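# Descriptive analysis of the structure
Residues per chain, in single letters:
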Amino acid sequence: MVPGAAGWCCLVLWLPACVAAHGLRIHDYLYFQVLSPGDIRYIFTATPAKDFGGIFHTRYEQIHLVPAEPLEACGELSNGFFIQDQIALVERGGCSFLSKTRVVQEHGGRAVIISDNAVDNDSFYVEMIQDSTQRTADIPALFLLGRDGYMIRRSLEQHGLPWAIISIPVNVTSIPTFELLQPPWTFW
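Residues numbered from 1 in each chain as written. Predicted model: local features only at pLDDT ≥ 70, side-chain atom pairs only at ≥ 80, totals over all residues. Heavy atoms only, no water.

This paragraph deals with the nonpolar core. A general feature of soluble globular proteins is that nonpolar side chains tend to end up buried together. One finds Val90 and Met128 to be the most contacted residues of the largest nonpolar core, which totals 30 residues. Those elements that provide at least two residues to this core are β4 (87–91), α4 (97–106), β5 (111–115) and β6 (141–144). A per-element tally of this core places α4 first, with four residues. Residues within four places of Met128 in sequence aside, it is in contact with Thr47, Ala49, Lys50, Asp51, Phe52, Phe97, Ile114, Ala141, Leu142 and Phe143. In this structure, Leu30, Leu89, Leu156 and Ala164 belong to the second largest nonpolar core, which totals 24 residues. (Core = buried A, V, L, I, M, F, W, Y, C linked by side-chain atoms within 4.5 Å. Buried < 20%, exposed > 50% of the residue type's maximum accessible area, 1.4 Å probe, protein only. Helix = DSSP H or I, 4+ residues; strand = E, 2+ residues; numbered from the N terminus. Contact = heavy atoms within 4.5 Å.)

As a further point, take α4. Each α-helix turn comprises 3.6 residues. Residues three or four places apart therefore point the same way. When you tally the buried positions in α4, you get seven out of ten residues, the bulk of the element. Along α4, the residues classified as buried are Phe97, Leu98, Ser99, Lys100, Thr101, Val103 and Val104. In this fold, the buried residues of α4 make contact with α3 (80–83), β4, β5 and β6. Where α4 ends, the next residue or the one after it, Gly108, has phi of about 85°, a positive value.

A complete count under the given rule lists nine aromatic pairs for this structure. Summarising the aromatic geometry, the rings of Phe82 and Trp163 are spaced 5.9 Å apart at their centres and angled 45° between planes, so their arrangement reads as tilted. Taken together, the positions of Phe82 in helix α3 and Trp163 in the loop between α5 (146–159) and β7 (164–168) put the pair 81 residues apart, joining distant regions of the chain. Phe82 sits in the partly exposed class, given a relative accessible area of 45%. Classification of Trp163 by relative accessible area gives partly exposed; the value is 25%. In this structure an aromatic cluster arises from ring pairing among Phe32, Tyr42, Phe44 and Trp185. (Phe/Tyr/Trp six-rings, centres within 6.5 Å; stacked < 30°, edge-to-face > 60°.)

With respect to the helices, strands and loops of the structure, Thr101 is situated in helix α4. Spatially, the C-alpha atom of Thr101 lies 9.2 Å from that of Ala88, the residues being 13 residues apart in sequence. Contact partners of Thr101, with chain neighbours within four places excluded, come to Phe52, Val112, Ile114, Ala137, Ile139 and Ala141. There is a polar contact of 2.9 Å between the side chain of Thr101 and the backbone oxygen of Phe97. (Polar contact = N/O pair within 3.5 Å; in protein donor to acceptor, adjacent residues only side chain to side chain.)

So, on to unusual backbone geometry. Here the bond from Ser36 into Pro37 is cis, since omega is 5°, no more than 30 degrees from zero. For Pro37, the location among the structural elements is in the loop between β1 (30–36) and β2 (43–48). For the peptide bond that leads from Ile168 to Pro169, omega is -20°, which places it in the cis range. Tracing the chain through its elements places Pro169 in the segment after β7. The backbone of Ala73 shows a phi angle near 50°, a positive value even though the residue is not glycine. Residue position: Ala73 is located in the loop between β3 (60–67) and α3. Phi at Asp85 takes a positive value of approximately 65°, unusual for a residue other than glycine. Exposure remark for Asp85: the relative accessible area of 39% places this residue in the partly exposed category.

With that out of the way, let us pick up the confidence of the model for the chain. For the chain, the average pLDDT comes to 86, and 85% of its residues sit at 70 or higher. Within the model, the stretch residues 1–26 combines pLDDT values under 50 with 43 contacts to residues more than four positions away or in other chains. (pLDDT = per-residue confidence, 0-100.)

Written out as structure tokens, the structure is:
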């Protein structure tokens, strides 16, 4: 995070005012917090798809973040039943971002978080755009840094858990800076 008043502008849930105030073209950000498991109880930053998918009309205080099986989510999901009415965590690669979003939507997911497949990526956000198929998706699609996605999946594996419990979206402007628990492996 950028310290000072300009930094607070960039902490808002969506950034249009910050972009206008500073004349910069930067990503919009959306924040979510992992509530369980406790070892990754951080506030994570994600970027919404640029030209497809829906927006969050509801704040979910506690919803499951379910890693898709298979993780790339390019076809039928073996754990699609667990994704219904929840949020899916998938990994980049194998098919378009839109295709992944549609697979999760077809399994009844409320949103999809697509983590980069480069697990060492802790700073570069990919701009997710629509593919050339003219298809659409109605659920929100978010891009998550590869390191963050990897650390969430690793924690679930270590604890033998099928999903994390998250709160999404989180309005970070209401959280004092010293309480803003971001992943220690991500530096701003």
